[in-house]
Amino acid sequence: MAIHERGTVRSRKALVAGSVGNFIEWYEFGVYGYFATIIAARFFTPEGGSEAEALVRTYASFALAFFFRPVGAALFGRLGDRIGRRPVLILVITLMTVATTLIGALPTYATVGALAPWLLTFLRVLQGLSAGGEFGGAVSVMTEFAPPGRRGLYGSWQSFTVALGLLGGAGVATLLATLLTETQLGNWGWRLPFLLTLPLGLGALWLRLRLDETPAFREERRAERPPARAVAGAIALGAGRIMGWAAAGYTFLVVLPSYLQSTLDATFQQALIATVLANFGFAATIVPAGWLSDRFGRRPVMLTGAVLVVLLAVPLLNLLQDPGVSLTVKGAAVWGAGAVVGLMAGPGPAMLAELFPTNVRYTGLGLAYALSNAVFSGCAGLIITETIERTGSVDIPAYYAAATCAVSVLALTWTPRSVVAGAGVSESGGRAESGVRAGDADGAADADGAADAKDPAVENAKGKAS
């Protein structure tokens, strides 16, 4: 009983310590998206430049941070697979906190001229590096400490803190927009959400300093590493499976405010309220989706979300564009859009973790997530804004979300010949690796521990490992 209670305490400590850094990361990325139009005016609008050009440059800086995520995932992931999850997670939360806080203290274009956007972009690069190292380590810690048969539920908290971070950013932005005048918000109010990162980051650092190293890492760190080609194939498969989550999530949860303002002439407050509703919908379904994936498998739950986006993205956007539709109906629609994305985000972290054995897990799942997000999240605002500017079509966000989710449907339904040997079960075929029971590779186990909704990709890996 004492051992069980100690294990439960360690699992919960890992859950909190892993989640808190992710909250800060997405709080900041949300704030940057919510204040994109203000940041564009303060950092990217020299005399003679248009607002549209400045917004495109702002999103280019936004995208650049995402493109450095894979670099951070490879760099910090390799360290995390060699020296441990704990020290690397401490390092990345420190880097993230410093870079984000400094954004709140940056001089604007009016003060230092062309140096301002370069300073902002440099700090965004540092954020991208730290964010790239955050996901792989946090998910590894959560899933490796998770009790048997609950990896989907534990991993879903990574995605849940994405929603909490975005909601926290939206809440702070809404509060400031309500309390401050437009002039005050533009002059200094936008800095406050970034400066708030400092106390949040110090709290996260304290939690991670108290974190234990995972037992799975201590046991498997010196095991033979799988071939690079097999790891690369698993990374590509994982990136394809979460492509729709990455693109639709950023389209509905982060890009939406600027789209509503610049394309549909919504006010700043209206756009933020719509985003808050979408994020509430997102948050409402994430943890239940993770729990369901422990019962029925990762892929069925994720497929449901991806198919719904493909079918409903265009009708939903057309509803928002219709002036005759009531605000209540529009609010319910954006809530539903967020909820559908949550069905993909809940099982996603555990699905990625199960594609890789312990000694390459930090690197593998971190790269799969970072690559998909670099292209399909980081570029979402840039692609949508630039394409609308060139084509004049206001339906571009819906087409973008639907197309990427269609690719995820194919990746989730495709059964490869093999994935990385040792993923989900040890190479001995008997002892479960990283808390993964034999026969529970897709997280779908009944009361007897027998899998009832396995992922064929992971099953093939088990066969190869055996």
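Residues numbered from 1 in each chain as written. Predicted model: local features only at pLDDT ≥ 70, side-chain atom pairs only at ≥ 80, totals over all residues. Heavy atoms only, no water.

## Observations regarding the overall build of the protein
Looking only at helices and strands, the protein has 21 helices and 0 strands in total. Each of the 466 residues in the protein was classed as buried or not, and the buried ones make up 60%. At a minimum sequence separation of 6, the contacts of the protein that also span at least 24 residues come to 84%. Accessible area for the protein stands at about 17,600 Å²; split by element, carbon and sulfur atoms hold 66% of it. (Helix = DSSP H or I, 4+ residues; strand = E, 2+ residues; numbered from the N terminus. Buried < 20%, exposed > 50% of the residue type's maximum accessible area, 1.4 Å probe, protein only. Contact = heavy atoms within 4.5 Å. Areas by Shrake-Rupley, 256 points an atom, 1.4 Å probe, with all protein chains shown as cover.)

## Notes on the nonpolar core
A general feature of soluble globular proteins is that nonpolar side chains tend to end up buried together. Formed by 101 residues in total, the largest nonpolar core has its most connected members in Phe 35, Phe 282 and Leu 352. Residue contributions to this core peak at 16 residues, all from helix H13 (residues 228–262). Setting aside residues no more than four positions away along its own chain, Phe 35 makes contact with Ala 173, Leu 176, Leu 185, Trp 190, Pro 193 and Phe 268. By size, the runner-up hydrophobic cluster in this structure holds 10 residues, among which are Phe 76, Val 141, Phe 145 and Leu 211. (Core = buried A, V, L, I, M, F, W, Y, C linked by side-chain atoms within 4.5 Å.)

## Quick look at the side chain of Ser 140
Counting through the fold element by element, Ser 140 comes out in helix H7 (residues 115–145). According to the relative accessible area criterion, Ser 140 is buried, its value standing at 0%. Apart from the residues lying within four places of it in its own chain, the contact partners of Ser 140 are Arg 85, Arg 361, Tyr 362 and Leu 365.

## Examining the packing of helix H15 (residues 298–321) against helix H20 (residues 396–413)
Where H15 meets H20, the axes come as close as 8 Å, and the angle between the chain directions of the two elements is 160°. Here H15 is positioned roughly antiparallel relative to H20, judged by the angle of their axes. Remark: the crossing between H15 and H20 carries left-handed chirality. Facing Arg 299, Met 302, Leu 303, Ala 306, Val 307, Val 309, Val 310, Ala 313, Val 314 and Leu 317 of H15, the residues of H20 in contact are Pro 397, Ala 398, Tyr 399, Ala 401, Ala 402, Cys 405, Ala 406, Val 409, Leu 412 and Thr 413. Taken together, the residues that form the contact of H15 with H20 break down as 18 nonpolar, 1 polar and 1 charged. (Axes fitted to C-alpha atoms, helices over the stretch in contact; angles between N-to-C directions. Parallel < 35°, antiparallel > 145°, perpendicular 65-115°, else oblique. Left-handed = near helix turned anticlockwise from the far one by under 90°. Nonpolar A, V, L, I, M, F, W, Y, C, P; charged D, E, K, R; others polar.)

## With respect to the environment of Ser 159
In this fold, Ser 159 is placed in helix H8 (residues 151–179). Here the alpha-carbon distance between Ser 159 and Val 287, two residues 128 residues apart in the chain, equals 8.3 Å. Setting aside chain neighbours within four positions, we find Ser 159 in contact with Trp 245, Phe 282, Ile 286, Ala 345, Gly 346 and Pro 349.

## Things to note about the confidence of the model for the protein
Confidence in the prediction of the protein, expressed as mean pLDDT, is 82, and 84% of residues score 70 or more. Across the protein, element-level confidence peaks in helix H17 (residues 348–353) with a mean pLDDT of 95 and bottoms out in helix H21 (residues 456–465) with 42. Note that residues 1–5 has pLDDT below 50 and, in this model, 0 contacts with residues that lie over four places away or in other chains. Predicted confidence for residues 425–466 stays below pLDDT 50, and this span has 109 contacts to residues more than four positions away or in other chains. (pLDDT = per-residue confidence, 0-100.)

## Things to note about the pattern of salt bridges
Under the definition given, this model contains 11 salt bridges. Here Arg 10 ties to Asp 212 by a salt bridge, and the two come within 3.6 Å at their closest N and O atoms. Highlighted residues: Arg 10 in helix H1 (residues 2–34) and Asp 212 in the loop between helix H11 (197–209) and helix H12 (215–220), separated in sequence by 202 residues. Its relative accessible area of 25% is what places Arg 10 among the partly exposed residues. We note a salt bridge from Glu 144 to Arg 85, for which the minimum N-O separation is 2.7 Å. Of the two residues, Glu 144 is situated in helix H7 and Arg 85 in helix H5 (residues 85–103); the sequence distance between them amounts to 59 residues. Overall, the relative accessible area of 6% leaves Glu 144 in the buried class. (Salt bridge = Lys/Arg side-chain N within 4 Å of Asp/Glu carboxyl O.)

## Thoughts on the packing of helix H4 (residues 69–83) against helix H18 (residues 358–376)
Across the interface, H4 lies against H18 with an axial gap of 8 Å and an inter-helix angle of 170°. Overall, the two elements H4 and H18 adopt an arrangement that is roughly antiparallel. Split by residue class, the contact of H4 with H18 holds 11 nonpolar, 7 polar and 4 charged.

## Section: the packing of aromatic side chains
Per the counting criterion, the structure on display carries 7 aromatic pairs. Members of the aromatic cluster, each reached through a chain of ring pairs, are Phe 43, Trp 190 and Phe 194. When the ring centre of Tyr 32 is taken as origin, the NZ or CZ atom of Arg 124, which lies over that ring, is 3.9 Å away. (Phe/Tyr/Trp six-rings, centres within 6.5 Å; stacked < 30°, edge-to-face > 60°. Lys NZ or Arg CZ within 6 Å of the ring centre and 35° of its normal.)

## Digging into the environment of Trp 188
Within the secondary structure layout, Trp 188 lies in the loop between helix H9 (182–187) and helix H10 (192–195). Trp 188 sits 84 residues away from Gly 104 along the chain, and the two C-alpha atoms are 9.1 Å apart.

## Focus: the side chain of Glu 213
Within the fold, Glu 213 resides in the loop between H11 and H12. Notably, Glu 213 is buried but unbridged: the nearest opposite-charge side chain belongs to Arg 85, and the N-O separation is 4.7 Å. Of the polar contacts made by the side chain of Glu 213, one reaches the backbone nitrogen of Arg 86; its length is 3.3 Å. Apart from residues lying up to four places away in sequence, Glu 213 is in contact with Arg 10, Ile 83, Gly 84, Arg 85, Arg 86, Pro 87, Phe 145 and Arg 218. (Lys, Arg positive; Asp, Glu negative; His and termini not counted. Polar contact = N/O pair within 3.5 Å; in protein donor to acceptor, adjacent residues only side chain to side chain.)

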